[in-house]
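The lines below spell out each chain.
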Amino acid sequence: MRGKVAAALQPRARLAQFGQPFLQPFQEQTILTLSHELSELSATPFVSLMAGPTPVDEMPRLRAAIGGGPRLLVKRDDAIPFAFGGNKVRKLEYVAAEAVAAGADILITVGGVQSNHARVTAAVAARLGVRCLLITNGSPPARPTANALINGLLGAEIEYIPSRDERAGAVVAAVERLQQEGRRPYFIPLGASTPLGALGFARAVGELVAQLNEPPDVIVHAGSSGGTQAGLVAGTILHGLPTRVIGISGDDPASAIASKVGQVVMGVGQLLGSPGDAFASASPIEVDAGFVGDGYGIPTDQSREAQQLAARTEALFVDHTYSAKALAALIAYVRAGRFGDDETVLFWHTGGQVGLFA
Ligand SMILES: Cc1ncc(COP(=O)(O)O)c(C=O)c1O
């Protein structure tokens, strides 16, 4: 790979001094936070795409419908106003800032025809006033719906490739071609699940802390390319929270996702000036791939039930591919008595509701 192409594909590595942990009051508890790393996080530039904190709602009717158990909360990242919201907005705030700093005039990313990440990347490009190329595995839909429809409205260019296996080669070829044309492409890896992208969720944990009197005992969320979980885990480390973060796979085996999450957590530690190993080993990585069923995007009986219960009890909408399977896991855990009645379980809604219209 040529140097210039390699540079366009490389996430930034930024190292700073390792700070000393210190004790800081959090409501009535005293917990450990990493002051230097938190100030590095605050100092990292991002493009503001969030209108403010997303709501945290109680889910009393869902709780009653599944037979009681722990207090259930939902963090409403589905309600982010920008481009129909979802977890990708938080990650792309940071990635977009780097693209702007690099002088990019075209964003490139990869994903399936109905990728939520591709839709938000196309929207970010529109907001920044730059072009967008989506390298899309799959076939052109006869009649674009949902995310594919929105990508067209946003003016994204779409290059179709037959399968996921061709993604890497197609990206290198596109970057080379665009550079030869005198353009300044900026490549965003799958799901923006880089350490830089994960900072969006590390910051989101601070947002949550400011909204609650006590941190939740458990966070359950949908996971795939690992950036959301890595950011949440990094955020709990930064704020010294005892909260468990459980990622529910929408596709890959748990070991593959956990290993990616671990790498990104280490990368976050490096970006914020901590020795990577110490930062990553500070918290276990919990991934459950037991709710995928027959595969990516294929509903299961449990995900269908979760989808209907969420809509009928809380007027909350979860998509087949990701968030319905994560909510199905949460419901199964509660029914199995895995949490005490005195515990708080927070479902971090990662969006994806556009997929309901595919
Ligand atoms: C709605 C939704 N939830 C969850 C995920 C998984 O997040 P991550 O890729 O950060 O693991 C994705 C994307 O892959 C998504 O689109």
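Our structure's up above, just so we're on the same page.
What counts and what doesn't
- Residues numbered from 1 in each chain as written.
- Predicted model: local features only at pLDDT ≥ 70, side-chain atom pairs only at ≥ 80, totals over all residues.
- Core = buried A, V, L, I, M, F, W, Y, C linked by C-beta atoms within 7 Å.
- Buried ≥ 20, exposed ≤ 12 C-beta atoms within 10 Å, placed from the backbone.
- Helix = DSSP H or I, 4+ residues; strand = E, 2+ residues; numbered from the N terminus.
- Domains from an automatic or database assignment.
- Contact = placed C-beta atoms within 7 Å.
- Near = placed C-beta within 6 Å.
- Nonpolar A, V, L, I, M, F, W, Y, C, P; charged D, E, K, R; others polar.
- Pairing = 2+ DSSP bridges.
- Axes fitted to C-alpha atoms, helices over the stretch in contact; angles between N-to-C directions.
- Right-handed = clockwise from strand over helix to strand, strands pointing away.

Comments concerning the nonpolar core
- The biggest cluster of nonpolar side chains holds 102 residues, and the ones touching the most others in it are Leu 107, Ile 108, Val 268 and Leu 327.
- By residue number, the principal contributor to this core is helix H8 (residues 195–211), which donates nine residues.
- Summarising the domain contributions, this core has at least three residues from each of domain 1 (21–85 + 194–357) and domain 2 (88–192).
- Ignoring sequence-local partners within four residues, the contact set of Leu 107 consists of Ala 99, Thr 121, Val 124, Ala 125, Val 130, Cys 132, Tyr 186 and Ile 188.

Digging into the site of the ligand
- Contacts to the ligand come from 20 residues, most closely from Ser 225, Thr 228, Tyr 322, Thr 350 and Gly 352.
- Elements with a contribution of two residues or more to the shell around the ligand: helix H5 (116–128), strand E9 (218–223) and helix H9 (227–238).
- A per-element tally of the shell around the ligand places H9 first, with three residues.
- Taken together, the residues that form the shell around the ligand break down as two nonpolar, 17 polar and one charged.
- If you count residues domain by domain, the shell around the ligand takes at least three from each of domain 1 (21–85 + 194–357) and domain 2 (88–192).

A look at the sheet that holds strand E4 (residues 71–76)
- With mixed pairing, six strands are arranged side by side in an open sheet as E3-E4-E12-E9-E10-E11. Each having just a single partner strand, strand E3 (56–58) and strand E11 (286–288) make up the two edges of the open sheet. Sheet twist, expressed as the average angle between the axes of neighbouring strands with direction ignored, equals 25°.
- On top of the sheet, helix H13 (residues 323–335) reaches E9, strand E10 (244–249), E11 and strand E12 (344–349); it is set at about 145° to E9, its chief contact.

Re unusual backbone geometry
- Non-glycine residue Phe 84 carries a positive phi angle of around 70°.
- The residue Phe 84 is located in the loop between E4 and helix H4 (87–101) in this model.
- Positive phi values are uncommon outside glycine, yet Ala 192 reaches one of about 50°.
- Structurally, the position occupied by Ala 192 is in the loop between strand E8 (185–188) and H8.

Things to note about the sheet that holds strand E5 (residues 106–112)
- As summarised here, the arrangement of the four strands in space is E7-E6-E5-E8, forming an open sheet in which the pairing is parallel. Each edge of the open sheet is held by one strand with a lone partner, namely strand E7 (157–161) and E8. For this sheet the average axis-to-axis angle between neighbouring strands, irrespective of direction, equals 25°.
- Here seven bridges tie E5 to strand E6 (residues 131–137), and the two strands are oriented parallel to one another.

What about the pairing of E9?
- Burial runs high along E9: five of the six residues are buried.
- In this structure, E9 lies alongside E10, joined through six bridges in parallel fashion. Paired with Ile 219 across the two strands is Val 245, which belongs to E10.
- Remark: the E9/H9/E10 crossover connection has right-handed handedness.

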